[in-house]
Amino acid sequence: MRRIGIDVGGTNTDAVLLVDGKVVQGVKAATTADVTSGIVAAFQALAKATDLGTRIDALMIGTTHFTNAVVQRRYLTKVAAIRIALPATAALPPFTGWPQDLAELANGGVWQLEGGHDYDGRRFMPLDVAGARTVARQIRESGLKHAVVTAMFSPLDSSDEEAIAAVLHEEVPGISVTCSHRLGGIGILERENAAILNASLIELARETIRGFEQAKARLGLSAPLYVTQNDGTVAEAARAAAYPVYSFASGPTNSMRGAAYLSGIKEAIVVDVGGTTADFGHLRLGFPREANACVHVGGVRTLFRMPDLISIGLGGGSLVDLTQRRIGPASVGYRLPEEALVFGGRTLTMTDIGVTAGLIELGDRKRVGHLSAGEVQSILDRAREMIEENVDRMKPDAGEVTLIAVGGGAFLVPEKLEGVAKVLRVEHGGCANAVGAAIAQVSGEVDQVFQGVSRSKAVEAARKLADERAVEAGAAAESLSMVEAEDTPIAYLPGNAMRVRVKVVGDVAASAVPTR
Amino acid sequence: MRQGHVAQGLEFADRAGSTGMKQLTLDDIEALAVGAWILGTGGGGSPYHALLNLRRLYAEGERVSLMDPDDLRDDDLVAVVSVMGAPLVILERTVDSRLIARAVTAMEEHLMRNFKAVMAVEIGGGNGMQSLLAAAHLKIPVVDADAMGRAYPEAQMTSFAVGDLVPFPLTSIDPRGNEVIVGRTASWKWMERVSRKVCTEFGSIAATCKAPRTGAEVKKWGIPRTTTKAINLGHAVTDARRRHADPIEAILQAESGVRLFTGKVIEVERRTTEGFLRGRTVIDGLGDDRGGRIEIDFQNEWVVVWRDGRPVVSTPDLICVLDTETGEAIGTETIRYGQRVTLIALPASEVFLSPRGLEYVGPRAFGYDIDFKSVFRS
């Protein structure tokens, strides 16, 4: 099996070749505005550095392009938002709580209809199909090409969303419909917000993935294209183009997955130290632990699968204040090669501290000769405290953990840390994110409320459903394993109610990987 | 079908405007959401949806006035409102401000009398803001008072129950046009049982108007000026954050609280029994408290704090667990390992410190065989 993993970051596009599970070569190229030429450049650099052979089985690409579009308010399309919950929830219609500028870009019209379900699966109101048909015609006349359907308690019963989506497809040829139950769990506003962001990014996603396909064609590859997701798995290109929000946090996820793979360790805390920040995450069964709380994207509250990350201002480019004994949060970022003292610049950065202490060899060491050993040690101690505190915040319990340090600034992570049994550094750690892309698997998941059954029966039912979803997404059924099972009792609800979340992962199914 | 669909019977007539009262600004309301969450003492449900409703109502030009309880005439009638239900259901069937107003008008129709003002049954959590939603629609003031001074898990845990006031009638509203009046119950406990049953049938969420109170009753048994208290708390926190000062210090100063312990969460244990979220969390000391350890028991809200097997602070004193850095309150449903937290106590209302008050909300009402000793009285 020969796979190429590519990670398109803000500064660099990294590429690795993985042959039968071994990293053969990793390279870096500059990210370009059009994304595609950066990918082509990275691929060509890889081909120059090593023999790619005659056959590539899969190309996996990770990108932060879609998050950036939301944050920068660019490339967003107007969306028709349909809510199925009347006469409930009318007081807080779609786009409630959105930043005004973003709402203006994405809001193509709001419609509310009767229907939906209750927490126990009972129907809340009969579904207003006739009303939906009228809405669909209005949407057709308005020329909108993307719609979102959100029904009350759809994570428990998605039939109303599916019925309305069918009506839309009948009445509005070519429309894309994002159903909210595909994107999140309980919490109607946050789930709907994620669905709206998704729908308004679909045109950009299609175009981006077309760019990936073109890059692939220019390189003469016929291998299938996969796009990496927030949870460390991949989706086939067509599916990824329909669900861009699932790629929002794939960058940090890929570097954590890569760290797990390169070290062979599945339970650990990972710190990825870059130029500006250090990102901390918790690897559980080789995957990043997911955030339980709401995640804000570009000022919008959403709730969908994202890794639980802590990001602090500590990196190779972080500014250092010796008198205040303070590091960051500001950083010289990509200007490090001009601004750091060791490179002849005028700014004292963590890289200068690292060079003075002999942790890394870079630039001209004589330029930092004026720093006293005491000052340098005091700053390194501060960095150690920052790392210790955030490792501890990420830990699942009080026991000692393994810490895997990756990224260009990993030299700032000391060998001995309180609460850490061992600090691991790995070969190819600088390209951990592209490795994470190359090794990605396919997942299926369920987040549902169960009542009146035992805990084990509920988890079993959820597992079965998750397996079905993974196979549908392209996984090989025999390779599936459960990586997450969580059940939470629900206060106030009768009948031993519990919310069960289950996630399974498996390898990309062989039938989906034609050879060349 | 277009946005703005209004269910039948949910349009409210204009009433005479209130005079001589404090009109709340949107800033006050944002602060109230922060303060009510702190006074929720770990429970009470998030005020977020109520805040969204109020932002919308304010954008539409509605305004809410706050009235001091002392300005009530003895024979004025006051509506006491709350949303009953499971927090999870409320995340999906978001609260509609018009339903809470409808609970009030349904009660007026039943009584054949109009209310002078509306008040919250509990200031802690989301219910601390429901009275404002009703008031905005009905154009009557909110009384600056509640019946808990915080949040409590059960309907009989109120100053009105301590005062042995009549527990009925109650109106319970569902948006599909179902309205139930509980005309009479034998006790506060029975009112909790019967109204809970109705709520469950509606889908585990209902807008309710509790037993109406006269001005005289509110003045004698209501817990005065708790809305103002929550607003002040919220302003203290946001101002401190703006000044990069310690928000927890600001809370303590605003409400004569005491800082009891600072540390990190090392263990959380939760279980649901008899419809309540019960459990325990363990916190190891940091900074000046390094080497120390406390345990906190909860039943929806924080109930008792233990140190070396001895109670340090217990209900009815307000037990608040706050994020050490931001001062944000942390709930019993969301607390988790690794969080840096500070435990503080705020004084309880006098009404709960009497032997009869302690019968309703003291440690024994939660199944702990210990005597209540306030941290505010040595």
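Residues numbered from 1 in each chain as written. Chains lettered and ligands numbered in written order. Predicted model: local features only at pLDDT ≥ 70, side-chain atom pairs only at ≥ 80, totals over all residues.

**Points about the overall build of chain A**
Reasoning step 1: The helix and strand tally for chain A stands at 13 helices and 23 strands.
Reasoning step 2: Taking 24 Å as the expected radius of gyration for a compact globule of 516 residues, we find that chain A reaches 24 Å, a close match to that expectation.
Reasoning step 3: On the principal axes, the C-alpha backbone points of chain A span a range of 80 × 55 × 45 Å.
Reasoning step 4: Sorting the 516 residues of chain A into buried and exposed places 55% on the buried side. (Helix = DSSP H or I, 4+ residues; strand = E, 2+ residues; numbered from the N terminus. Rg over C-alpha atoms; globule rule 2.2 N^0.38 Å. Buried ≥ 20, exposed ≤ 12 C-beta atoms within 10 Å, placed from the backbone.)

**A word on the overall build of chain B**
Reasoning step 1: A tally of helices and strands in chain B yields 11 helices and 17 strands.
Reasoning step 2: Taken against the 2.2 N^0.38 rule, which gives 21 Å for 378 residues, the C-alpha radius of gyration of chain B at 20 Å falls within 12% of a compact globule.
Reasoning step 3: Each principal axis of the C-alpha distribution contributes one length, and for chain B these read about 60 × 50 × 40 Å.
Reasoning step 4: Counting only contacts in chain B whose residues sit at least 6 apart along the sequence, the fraction spanning at least 24 positions is 73%. (Contact = placed C-beta atoms within 7 Å.)

**Focus on the packing of helix α1 (residues 36–49) of chain A against helix α6 (residues 188–218) of chain A**
All names here are of chain A.
Reasoning step 1: Relative to each other, α1 and α6 sit at 35°, their axes nearing to 9 Å. Crossing handedness for the pair α1 and α6: right-handed. Contact residues: α1 offers T36, I39 and V40, while α6 offers G211, F212, Q214, A215 and R218.
Reasoning step 2: Tallied by class, the residues present in the contact of α1 with α6 amount to four nonpolar, three polar and one charged. (Axes fitted to C-alpha atoms, helices over the stretch in contact; angles between N-to-C directions. Left-handed = near helix turned anticlockwise from the far one by under 90°. Nonpolar A, V, L, I, M, F, W, Y, C, P; charged D, E, K, R; others polar.)

**Observations concerning the sheet that holds strand β2 (residues 12–19) of chain A**
Residues and elements named next belong to chain A.
Reasoning step 1: The sheet built from six strands is open, its strands ordered β3-β2-β1-β4-β9-β10 with mixed pairing. Of all strands in the sheet, those with a lone pairing partner are β3 (22–30) and β10 (234–236), marking the two edges. Between one strand axis and the next, the sheet turns through 25° on average, direction left out of account.
Reasoning step 2: Where strand β4 (residues 58–63) meets strand β9 (residues 225–228), three bridges bridge the pair, whose relative direction is parallel. For I61, the partnering residue across the bridge sits in β9 and is V227.
Reasoning step 3: On the sheet, α1 packs against β1 (2–8), β2 and β3 and is oriented at approximately 135° with respect to β3.
Reasoning step 4: Along the sheet, helix α8 (residues 250–263) contacts β1, β4 and β9; its crossing angle with β4, the most-contacted strand, is approximately 125°. (Pairing = 2+ DSSP bridges.)

**Examining the domain arrangement of chain B**
The parts lose accessible area when they come together, and the size of an interface is often stated as this lost area.
All names here are of chain B.
Reasoning step 1: You can read the domains of chain B as domain 1 (22–226) and domain 2 (256–366).
Reasoning step 2: Each partner contributes residues to the interface: domain 1 has 20 residues there, and domain 2 has 22 residues.
Reasoning step 3: Going through the elements one at a time, α1 (26–39) and α6 (159–162) are the ones with two or more residues in the side of domain 1 that touches domain 2.
Reasoning step 4: Tallied by class, residues from the side of domain 1 that touches domain 2 come to 12 nonpolar, seven polar and one charged. (Domains from an automatic or database assignment.)

**Some thoughts on helix α5 (residues 127–138) of chain B**
The α-helix advances 3.6 residues per turn, and as a result positions three or four apart in sequence lie on the same side.
Residues and elements named next belong to chain B.
Reasoning step 1: Compared with an ideal rise of 1.5 Å per residue, which puts 12 residues at 16 Å, α5 spans 17 Å between its outermost C-alpha atoms and is within 8% of the ideal.
Reasoning step 2: A large share of α5 lies buried, amounting to 12 of its 12 residues.
Reasoning step 3: Phi turns positive, to about 55°, at K139, one or two residues after α5. (Expected span 1.5 Å × (residues − 1).)

**Considerations on the interface of chain A and chain B**
Reasoning step 1: Taken together, the contact pairs 41 residues of chain A with 36 residues of chain B.
Reasoning step 2: In terms of residue count, strand β6 (residues 107–114) of chain A provides more of the side of chain A that touches chain B than any other element does, four residues in total.
Reasoning step 3: Among the residues forming the side of chain A that touches chain B, the class breakdown is 29 nonpolar, seven polar and five charged.

**Focus: the pairing of β3(A)**
Residues and elements named next belong to chain A.
Reasoning step 1: Looking at chain direction, β2 and β3 are connected through eight bridges and run antiparallel. Bridging from a neighbouring strand, L17 pairs with Q25 of β3.
Reasoning step 2: Taken together, β2 and the strand that follows it, β3, pair antiparallel across an intervening segment of two residues, in which D20 is found at a positive phi of about 45°.

**A word on the environment of A:A475**
Residues and elements named next belong to chain A.
Reasoning step 1: Here A475 is to be found in the loop between α13 (455–472) and β22 (481–489).
Reasoning step 2: Distance from A475 to V442, taken between C-alpha atoms, is 5.4 Å for residues 33 residues apart in sequence.
Reasoning step 3: With residues near it in sequence (within four places) discarded, A475 still touches V442, G444, A470, L480, G506, D507 and A509.

**Description of the environment of B:Q339**
Residue and element names in this part refer to chain B.
Reasoning step 1: Position of Q339 relative to the elements: it lies in the loop between β16 (318–323) and β17 (340–346).
Reasoning step 2: A C-alpha to C-alpha distance of 9.3 Å links Q339 and I283, two positions 56 residues apart in sequence.
Reasoning step 3: Those residues in contact with Q339 that lie beyond four places of it in its chain are K264, V265, D323 and I330.

**Concerning the sheet that holds strand β8 (residues 176–179) of chain A**
Note on sheets: strands pair through backbone hydrogen bonds, and any given pair is parallel or antiparallel.
Residue and element names in this part refer to chain A.
Reasoning step 1: One open sheet accounts for four strands, arranged β6-β5-β7-β8; its pairing is parallel. Across the chains shown, the open sheet's two edge strands, defined by having one partner strand only, are β6 and β8. Averaged over all pairs of adjacent strands, the angle between strand axes in this sheet comes to 20°, irrespective of strand direction.
Reasoning step 2: Where strand β7 (residues 146–151) lies against β8, four bridges are found, and the strand directions are parallel. Looking at the pairing, V149 lines up with C179 of β8.
Reasoning step 3: Here helix α4 (residues 129–142) sits on the sheet in contact with β5 (79–86), β6 and β7, set at roughly 170° to β6.
Reasoning step 4: Along the sheet face, α6 touches β5, β7 and β8 and points at about 165° away from the line of β7.

**Remarks on the nonpolar core**
Reasoning step 1: A:I82, B:V78, B:V81, B:V104 and B:V118 are the most contacted members of the largest nonpolar core, which has 290 residues in total.
Reasoning step 2: At 13 residues, the largest contribution of residues to this core is made by α6(A).
Reasoning step 3: Beyond its immediate stretch of four places on either side in the chain, B:V81 contacts B:I100, B:A103, B:V104, B:V118, B:A120, B:V121, B:Q130, B:S131, B:A134, B:T208 and B:C209. (Core = buried A, V, L, I, M, F, W, Y, C linked by C-beta atoms within 7 Å.)

**As for the environment of B:F12**
Residue and element names in this part refer to chain B.
Reasoning step 1: By secondary structure assignment, the location of F12 is in the segment before β1 (22–23).
Reasoning step 2: In this structure F12 comes out as partly exposed when scored by C-beta crowding, with 16 C-beta atoms within 10 Å.
Reasoning step 3: Distance from F12 to T105, taken between C-alpha atoms, is 8.7 Å for residues 93 residues apart in sequence.
Reasoning step 4: With residues up to four places along the chain from it excluded, the contact list for F12 reads A101, T105, H137 and L138.

**Re the confidence of the model for chain B**
Residue and element names in this part refer to chain B.
Reasoning step 1: Confidence in the prediction of chain B, expressed as mean pLDDT, is 90, and 94% of residues score 70 or more.
Reasoning step 2: For the stretch residues 1–7, pLDDT sits under 50, and the model shows 16 contacts to residues farther than four places along the chain or on other chains.
Reasoning step 3: For this predicted complex, the interface score ipTM comes out at 0.87, while the overall pTM is 0.84. (pLDDT = per-residue confidence, 0-100.)

**Side note on α6(A)**
Residue and element names in this part refer to chain A.
Reasoning step 1: In this model, α6 (31 residues) spans 43 Å end to end at C-alpha, consistent with the 45 Å of a helix rising 1.5 Å per residue.
Reasoning step 2: The largest bend in α6 is about 50°, located at I202.
Reasoning step 3: Downstream of α6 by one or two residues, G220 has phi in the positive range, about 70°. (Bend = angle between axes of the 7 residues up to and from the residue.)

**Thoughts on unusual backbone geometry**
Reasoning step 1: In this structure, A:P87 follows A:L86 across a cis peptide bond, with omega equal to 5°.
Reasoning step 2: Of note, A:P87 is situated in the loop between β5 and α3 (100–106).
Reasoning step 3: The peptide bond linking B:F168 to B:P169 adopts the cis configuration, its omega dihedral lying at -5°.
Reasoning step 4: One can find B:P169 in the loop between α6 and β7 (170–173).
Reasoning step 5: At A:H428, a residue that is not glycine, the phi angle is positive and equals roughly 65°.
Reasoning step 6: With respect to the helices and strands, A:H428 occurs in the loop between β20 (420–425) and α12 (432–438).
Reasoning step 7: For A:H428, a count of 18 C-beta atoms within 10 Å puts it in the partly exposed group.
Reasoning step 8: In the Ramachandran plot, B:S204 falls in the positive-phi region, its phi being about 60° despite a non-glycine side chain.
Reasoning step 9: By the secondary structure assignment, B:S204 is in the loop between α7 (188–202) and β9 (205–214).

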